[in-house]
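# Observations on the three-dimensional arrangement
Spelled out from the first residue to the last, the chains are:
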Amino acid sequence: MDWVFLSELAINGALTGLLYSLFAIGLVLIYKASSVPNLAQGGLTMVGAYVVLALARDVGLPLWLAIPLAAVVMFGLGFGIERVALRRLAGRPVVMILMLTLGLDIFLRGTTLAIWGGTSRSMELGVSYDPLFLGDIFISRIHLVGAGVALVLFVAFMLFFRTRTGIKLRAIADDYMASWSVGISVERGVGFSWALASVVAVAAGVIWGEIQGVDQALSLLLLKGLTVAVLGGLDSILGAVIAGIILGVVENVGADFLDPLVGGGSRELIVAAVLILTVMIRPHGLFGRHDIERV
Amino acid sequence: MQEKKVEAQNILSMNSVEVLYDNVMLAIKGVSVQVPTGGMIALLGSNGAGKSTTLKAISGLLKAERGRISRGEITFQGADITEALAQKRVEMGICHVIEGRRVFEHLTPDENLTAAAPHGMSRSTLNAEKDKIYGYFPRLAERKNSQAGYLSGGEQQMLAIGRALVTQPKLLMLDEPSLGLAPFLVEEIFGILQKINKDEGLSVLLVEQNALAALEIVSQGYLIENGRVVMHGTAEALKSNSDIQEFYLGGGETDFHNVKHYSRRKRWLS
Ligand SMILES: Nc1ncnc2c1ncn2[C@@H]1O[C@H](COP(=O)(O)OP(=O)(O)OP(=O)(O)O)[C@@H](O)[C@H]1O
Ligand SMILES: [Mg+2]
């Protein structure tokens, strides 16, 4: 057994996993307020990346300005989605809202394809690709940066949910009717959670855009992000972070063992197995809230 | 002149209000209810009579259930609120403790109170409000950092009332707060309502099926049956009314009485 190689697989797996978490945090934010997994989060992430590129390449702004500006634009887009589309569905069955998010994803993919075409563009963040060595272990710098961003967002949101606004959002997630009854604006709260998730989409879009290029494939991050969110419990930010690390490590180490046996492609199988087994064995995930049994 | 005086006396006035759900289901059919400023009023009636619908019409929560006021008007402190948004009504001072307690289960009691804080309430005012509420309900203070979903039924009802008080209402409406609670708890909670009413001049509109307990603390009551007000009088008058005694205060229990109950009910309905 080569321990150095195994640790390298595990550490890089954990870092990649935190990048899945970065994506999944956006899903959790919307789930917390609307009780619906946002199937358009992949589309939003891709749009986030394209907006950064549009501001940086087409308008010519420096990246340090283009990224926050894109965050502002996406914040507005998130609010707009609630205003234009979701508000009409308030009180309808959750499955209708789910279908709406699917429609939104298709719409976002179609729009980006029409505007920016199908060729991949590069983000060029300027993060060095020189190897970084931790002892004998090779670590990718961009993954390290992305994992750092994920952890910063994690801490920020943990703190946010203790503020008065954050508590109101959690109250909305618990009970719309009771929220209305004490004057909480449920509509504005849901809009705000979409706006925050859209900002997270910019962060995820920039990091993943740097890693795999900016094209339609960015929207497919939804599959791994959703797996992480479900494993973490869908409404838990901490769950999304821990589940991301778990999925990343299991995927990276597992694929190294399994690939020689099945001849490649085992990553997808591992992700599928994690998603299916979670739903079957532990549907509320690692940290999801149980619905409280009334005595 | 006469009108003006009545308005000043009544914090809430609901005139011939009709409510439609889903544009077809007529749930209340011309209900008129007045709540005097600083008064305590009860709304009595059996299941499906239209009590909750009446409260939702006043608080604006009908919209969330696809209901709407199709006729009549509601004024609060002289202002027409028939079409106002629920949020606006809370800001004006109407708070509705909805049926079934409905605390925010995954929040702590303390967070439940914070969640209800009006926009722009300062931290010190909020803390003062909380202290006052914990003063009224010491059991809540003891458990303020546990999860609200695991509180007992009585504690959850106290929390639901406390949460409404944080909005600093002038009119507090409660929908069957006694439901499923032991008699001593009902007495405790009603006693506190009475105290808040006296100390702070808070007007109260109380919906109850437990007429016996309700008539002990209110000055007047309305009896609603099948979407209409069928009786209105002082608590004393209602308590001594023979129909009310039999059907709502736990009068006779025999088959014979049930037959009579049925025929009298029909009389109210016609
Ligand atoms: N959301 C709704 N949609 C359609 N009909 C409704 C709705 N809510 C209530 N109703 C109907 O309106 C009528 C009055 O209901 P309401 O809930 O006001 O009665 P209630 O007096 O509060 O009864 P309870 O004591 O059982 O709570 C009932 O016939 C009920 O079926
Ligand atoms: Mg009711």
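Calculation rules
- Residues numbered from 1 in each chain as written.
- Chains lettered and ligands numbered in written order.
- Predicted model: local features only at pLDDT ≥ 70, side-chain atom pairs only at ≥ 80, totals over all residues.
- Heavy atoms only, no water.
- UniProt positions renumbered as here; feature names shortened; annotations may be inferred.
- Helix = DSSP H or I, 4+ residues; strand = E, 2+ residues; numbered from the N terminus.
- Rg over C-alpha atoms; globule rule 2.2 N^0.38 Å.
- Buried < 20%, exposed > 50% of the residue type's maximum accessible area, 1.4 Å probe, protein only.
- Contact = heavy atoms within 4.5 Å.
- Domains from an automatic or database assignment.
- Buried area = accessible area lost by both parts, 1.4 Å probe.
- Salt bridge = Lys/Arg side-chain N within 4 Å of Asp/Glu carboxyl O.
- Expected span 1.5 Å × (residues − 1).
- Arc of directions from axis to C-beta.
- Near = heavy atom within 4 Å.
- Polar contact = N/O pair within 3.5 Å; in protein donor to acceptor, adjacent residues only side chain to side chain.
- Areas by Shrake-Rupley, 256 points an atom, 1.4 Å probe, with all protein chains shown as cover.
- Nonpolar A, V, L, I, M, F, W, Y, C, P; charged D, E, K, R; others polar.
- Pairing = 2+ DSSP bridges.
- Axes fitted to C-alpha atoms, helices over the stretch in contact; angles between N-to-C directions.
- Core = buried A, V, L, I, M, F, W, Y, C linked by side-chain atoms within 4.5 Å.
- Patch = residues over 30% accessible without salt bridge, like charges linked within 9 Å, V, L, I, M, F, W, Y side chains within 5 Å.

As annotated in an unreviewed UniProt entry, chain B carries the name ABC transporter ATP-binding protein and comes from Pseudooceanicola lipolyticus. As its UniProt record puts it under Sequence similarities (unreviewed entry), chain B is described as follows: "Belongs to the ABC transporter superfamily."

Under an unreviewed UniProt entry, the name given to chain A is Branched-chain amino acid ABC transporter permease, and the organism recorded is Pseudooceanicola lipolyticus. For the record of chain A, the UniProt heading Sequence similarities (unreviewed entry) holds the text "Belongs to the binding-protein-dependent transport system permease family. LivHM subfamily." For chain A, the Subcellular location (unreviewed entry) comment in UniProt is given as "Cell membrane".

When helices and strands are counted, chain A shows eleven helices and two strands. Ordered by position in the sequence, the α and β elements of chain A form the string α-α-α-α-β-β-α-α-α-α-α-α-α. Over its C-alpha atoms chain A spans a radius of gyration of 19 Å, differing by no more than 12% from the 19 Å that the globule rule assigns to 295 residues. Judged by the C-alpha coordinates and their principal axes, chain A covers about 60 × 55 × 35 Å. Out of the 295 residues in chain A, the part that is buried amounts to 52%. Across chain A, the fraction of contacts at a sequence separation of at least 24, relative to all contacts at a separation of at least 6, is 76%.

Our next topic: the domain arrangement of chain B. All names here are of chain B. In terms of domain boundaries, chain B breaks down into domain 1 (2-93 + 169-269) and domain 2 (104-168). Opposite the 18 residues of domain 1 that make contact, domain 2 presents 13 residues. Interface area, domain 1 with domain 2, both sides summed: about 1300 Å², of which 72% is carbon and sulfur. Summed over the three residues of domain 1 that lose the most area to domain 2, namely Pro169, Ile189 and Ile192, the buried surface amounts to 33% of that side. The interface formed by domain 1 and domain 2 includes two salt bridges.

Residue and element names in this part refer to chain B. With 14 residues, helix H5 (residues 123-136) extends 20 Å between its outermost C-alpha atoms, agreeing within 8% with the 20 Å of an ideal straight helix rising 1.5 Å per residue. Within the span of H5, buried status applies to Leu126, Glu129, Lys130, Ile133, Tyr134 and Tyr136. For H5, the buried positions fall inside an angular range of 150° around the axis, keeping them on one side. For H5, exposure combined with an orientation more than 90 degrees from the buried face picks out Ser124, Asp131 and Gly135.

Right, let's talk about the site of ligand 1 for a bit. Residue and element names in this part refer to chain B. Near ligand 1 you find 15 residues, and of these Gly48, Lys51, Ser52, Thr53 and Glu99 are the closest. Within the side chain of glutamate 65, an N or O atom sits 3.4 Å from a nitrogen atom of ligand 1. In the model, an oxygen atom of ligand 1 is placed 3.0 Å from a nitrogen or oxygen of the glutamine 209 side chain. In the complex, 70% of the free accessible area of ligand 1, which totals 630 Å², lies under the protein chains. Those elements giving two or more residues to the shell around ligand 1 turn out to be strand E2 (25-36) and helix H2 (51-59). Per-element tally for the shell around ligand 1: the top contributor is H2, with three residues. Its residues assigned to classes, the shell around ligand 1 comprises four nonpolar, seven polar and four charged.

Let us now look at the sheet that holds strand E3 (residues 40-44) of chain B. Residues and elements named next belong to chain B. Spatial strand order, E6-E7-E8-E3-E9-E10: six strands in an open sheet with mixed pairing. In the strand order of this sheet, the two ends are held by strand E6 (94-97) and strand E10 (228-234), each with one partner. Pairwise comparison of adjacent strand axes, ignoring direction, gives a mean angle of 15° for this sheet. Where E6 lies against strand E7 (residues 171-175), four bridges are found, and the strand directions are parallel. Looking at E7, one finds that histidine 96 is bridged to methionine 173. On top of the sheet, H2 reaches E3, E6, E7, strand E8 (203-208) and strand E9 (220-225); it is set at about 150° to E7, its chief contact. Strands in contact with helix H7 (residues 153-166) are E6 and E7; relative to E6, the strand with the most contacts, it is inclined by about 165°.

Turning our attention to the nonpolar core. Residues Leu29 and Phe157 of chain A together with Leu172 of chain B are the most contacted members of the largest nonpolar core, which totals 142 residues. The element best represented in this core is helix H8 (residues 186-212) of chain A, accounting for 13 residues. No fewer than three residues from each of domain 1 (2-93 + 169-269) and domain 2 (104-168) of chain B sit in this core. Those residues in contact with leucine 172 of chain B that sit more than four places away from it in its chain are Cys95, Val97, Ile161, Ala164, Leu165, Leu193, Leu202, Ser203, Val204 and Leu205 of chain B. Core analysis: the second largest hydrophobic core is formed by 30 residues, Ile11, Ile41, Ile58 and Ile224 of chain B among them.

Moving on: a nonpolar patch on the surface. Residues and elements named next belong to chain A. A contiguous nonpolar surface patch, about 480 Å² in accessible area, is contributed by Met158, Leu238, Ile242, Ile246, Val250, Leu286 and Phe287. A per-element tally of the nonpolar patch places helix H10 (residues 237-262) first, with four residues. Topologically, isoleucine 246 is positioned in helix H10.

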